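# Results of the structural survey
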There are 2 protein chains.
Amino acid sequence: MGVIVQKFGGTSVADIERIRNVAHRVAKAYDAGNDVVVILSAMAGVTDKLISMASRISERPEKRELDVLLATGEQTTAALLAMTLISMKYPARSLMGFQAEVRTDCAFGNARILDINAERIEALIGRRNIVVIAGFQGHDREGNITTLGRGGSDTSAVAIAAALKADVCEIYTDVDGVYTTDPNICGKARKISKIAYDEMLEMASLGAKVLQIRSVEFAKKYNVPIHVRSSFSEEEGTMVWSEECDMERLMVSGITCSKNDARILVKGVPDQPGIAARVLGPIAEAGIVVDMIIQSAPKNGTNDIAFTVPRTEYDAAMETARRVAEEVGAEGVHGDQSIAKISVVGIGMKSHSGVAAKMFSTLAAENINIRMISTSEIHISCVIMEKYAELAVRALHTAFGLDREA
Amino acid sequence: MGVIVQKFGGTSVADIERIRNVAHRVAKAYDAGNDVVVILSAMAGVTDKLISMASRISERPEKRELDVLLATGEQTTAALLAMTLISMKYPARSLMGFQAEVRTDCAFGNARILDINAERIEALIGRRNIVVIAGFQGHDREGNITTLGRGGSDTSAVAIAAALKADVCEIYTDVDGVYTTDPNICGKARKISKIAYDEMLEMASLGAKVLQIRSVEFAKKYNVPIHVRSSFSEEEGTMVWSEECDMERLMVSGITCSKNDARILVKGVPDQPGIAARVLGPIAEAGIVVDMIIQSAPKNGTNDIAFTVPRTEYDAAMETARRVAEEVGAEGVHGDQSIAKISVVGIGMKSHSGVAAKMFSTLAAENINIRMISTSEIHISCVIMEKYAELAVRALHTAFGLDREA
């Protein structure tokens, strides 16, 4: 018995029937004696529908008004779930972002939560109410409605769990947990039962899509245990929590694969001090986030500088790179959108040597050429040709002992 | 130049294209130098859709949550219109009920406006913003979302116009004004250019559906001139204002026809003091509103008591009436759902005699039997058989000189 925050995503509340299922699950936690606070997303597809409505008005709909429009999605599901619970004789009550006092900055469309005044929620659960809160939304200092950006309901849930010092924040979704890698790529992928915040952050930023990165950052900061699980089964999912909780662990927790990047190579750059900054500065000024950067050893007085950018920014980045190459007297610019970034992630790496060597030899054994490498304390990423991505994932998954037992 | 409140109904904002038309009309008023505040209904059909969604959850959806759900309708149109105006380079901003500080009581589903703190709206229009307010909604003392009941956006508009001391509250609808009678019944119906609040109140309560009664009461109380007009044409509509503004006037302003009532006759009630209360008391206790009541002169120690009730309450009223009839020893109960209530309305009646006589003789000339009569200072109503309703309306329209010149 304790305080449980349950968050249900769009597919879990996609229609009245599924909302009824959610109500039964909420009721079960409540009947077990817990105080229950529920955070909801909009029905699957609704947010996209609202955005497409707005885009018929303007190519770039004004952001404050777009937030007012989008906030109706979660308002609808929160009202419907509270109504369902009440029809089942449970004392439920919906709260919108402004009523739950989820205060954010005023960055419409991508607002950050500043603080939550949990008094009203606490008073309600203190009287044994089930509180149903519209996720994804808050209000700024002036009382404007704001939204938290894609996947923001996860962040709402974790932030509210933190404010309530909840025992757990359950994130119900359409998958039943976090996997060692994408099961669509590797049939032997295993569900991870426990994962540390830092690993989850790496997994998320390297391509796993289960949780919004910001929500994991929040959970880590306030030490909120997250339980990622399926709303369609009773099985345990994946616990995301602090490193210390986790005694035994493998060297590597998971393999991720991202096809969202493109690689740009500026060849034959004169080998002068500060040249990397002269090449990459204008890219940053154009608002393009560079991920990996490799500068080759100088040869005949010139260098090659390679870097990756989001594939969506490829055209803009190429244009800037070509201009810069001319200015600094480089030989030329090559671009490649057919790359994949494969990463192995694990806190265990900190205390195990040889992870990088094993990764490189595994890829070599499959005749996969490594184009770029980057590392951190708990991940190693390699850029390879896109066509080898799935093969690489499966080979690494086996090599690091992650395969599910048959 | 002044402060104009414009209210657009559901058909006027039924889709993106119509919202664009509304935006152009709003922009025109703004460009003429006026401060403009817009109140919107939900898109036509949306409120019914939301209600039917809720009714799939429960036959009687909990009222607080239903209001949260319904409020999304106006939130959507307000955001879309503000977005459209902004895309046209006008400085617009939407406000929900709670942001516009429309404070109501906590009668969910049928809340009454208690007060409006117009400071925020005034500050915005003071900086030449166009303010777009979600109609139909407010918030109670505890910050709960409330709605004002069917047609509540009219009341929102008039109340906000009153709070702003606006020069006029324009109600845009799908008809181009208030008519002397229903043009669908009488081809010679004329648009009324000016009508007093009291007449409009009678017209509305006797069956004309152009304005919500409560909004006219509000307008009368705070002396807000209402201009009822079409959102699809530029023509002047009908001004609803105080009696004093109106110099010339006809004896009768309009003819209304209502088919929403049923008549119940309790025959042979013993002629005792207090017998009417004994018959009608239980009807009132059952929550049924009785409109007209006629008690016949006693004959052989018994009376007949006839009364009308809303047709929707007919079955419940008959059941109660039968029970009461037995208790008081009446002879029997007859019910009739095929009645119509025809009324002539006009402030001019106050100073003209002979209106009743003319009404009765007109109906008699058409061989229409009058079953019940009720009168006030400014209206006379007759209950007749439903099948004569249209004939009666046309005959009275001609008799009182209301016919449009051919």
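Residues numbered from 1 in each chain as written. Chains lettered and ligands numbered in written order. Predicted model: local features only at pLDDT ≥ 70, side-chain atom pairs only at ≥ 80, totals over all residues.

With that out of the way, let us pick up the domain arrangement of chain A. Domain parsing of chain A yields domain 1 (3-174) and domain 2 (244-406). Each of domain 1 of chain A and domain 2 of chain A was reduced to a C-alpha centroid, and the two centroids are 37 Å apart. (Domains from an automatic or database assignment.)

All names here are of chain B. Taken in spatial order, the four strands of this open sheet run β13-β18-β20-β19, and their pairing is antiparallel. Both outer strands of the open sheet, β13 (254-258) and β19 (372-376), are each paired with one neighbouring strand and no more. Looking at each pair of strands side by side, their axes are set apart by 20° on average, direction ignored. Alignment of β13 against strand β18 (residues 339-345), held across five bridges, turns out to be antiparallel. Within the sheet, the bridge partner assigned to C257 lies in β18 and is I342. Strands in contact with helix α6 (residues 197-205) are β13, β18 and β20 (379-385); relative to β18, the strand with the most contacts, it is inclined by about 170°. (Pairing = 2+ DSSP bridges. Helix = DSSP H or I, 4+ residues; strand = E, 2+ residues; numbered from the N terminus. Axes fitted to C-alpha atoms, helices over the stretch in contact; angles between N-to-C directions. Contact = placed C-beta atoms within 7 Å.)

This brings us to the pairing of strand β1 (residues 3-8) of chain B. Residues and elements named next belong to chain B. Within β1, five of the six residues are buried, which leaves the element mostly enclosed by the surrounding structure. Alignment of β1 against strand β2 (residues 35-40), held across six bridges, turns out to be parallel. When the bridges of β2 are listed, K7 appears paired with I39. Relative to strand β9 (residues 168-173), β1 runs parallel, the two being bridged by five bridges. Directly across from Q6, in β9, lies its bridge partner E170. (Buried ≥ 20, exposed ≤ 12 C-beta atoms within 10 Å, placed from the backbone.)

The next point concerns the relation of the copies chain B and chain A. Mapping chain B onto chain A calls for a screw motion: a turn of 180° about the axis and a shift of 0.0 Å along it, with 0.3 Å RMSD after fitting. The two molecules are tied by a two-fold rotation axis, judged by turn and shift. Residue B:T72 of chain B places its C-alpha closer to the rotation axis than any other residue of that unit, at 2.8 Å. Of the residues that chain B buries at the interface, 100% are likewise interface residues in chain A, meaning the two copies contact each other through the same surface. (Least-squares fit on C-alpha atoms with pLDDT ≥ 70 in both.)

All right, on to the interface of chain B and chain A then. Contacts between the two partners involve 27 residues from chain B and, on the opposite side, 27 residues from chain A. Taken together, the elements giving at least two residues each to the side of chain B that touches chain A come down to α2 (46-57) and α3 (63-87) of chain B. For the side of chain B that touches chain A, the leading source of residues is α3(B), giving 15 residues.

This part takes up unusual backbone geometry. All names here are of chain B. Positive phi outside glycine occurs at K89, with the angle close to 75°. With 8 C-beta atoms counted inside 10 Å, the residue K89 sits in the exposed group. Phi at N367 takes a positive value of approximately 60°, unusual for a residue other than glycine. As for its placement among the helices and strands, N367 is situated in the loop between α10 (355-365) and β19. Residue N367 is classed as exposed on the basis of its C-beta count, with 8 C-beta atoms lying within 10 Å.

Further remarks concern helix α1 (residues 16-31) of chain B. Spacing of three or four residues puts side chains on the same side of an α-helix, whose turn is 3.6 residues. Residue and element names in this part refer to chain B. The end-to-end C-alpha distance of α1 is 22 Å, a good match for the 22 Å that 16 residues give at a rise of 1.5 Å each. Burial in α1 covers these residues: I19, V22, A23, V26 and Y30. Axial view of α1: buried residues confined to an arc of 105°, hence all on one face. With respect to the buried face of α1, the exposed residues turned more than 90 degrees away are E17, H24, K28 and D31. In this structure, the buried residues of α1 make contact with β1, β2, α3 and β6 (130-134). Positive backbone phi, approximately 100°, marks G33, located one or two places after α1. (Expected span 1.5 Å × (residues − 1). Arc of directions from axis to C-beta.)

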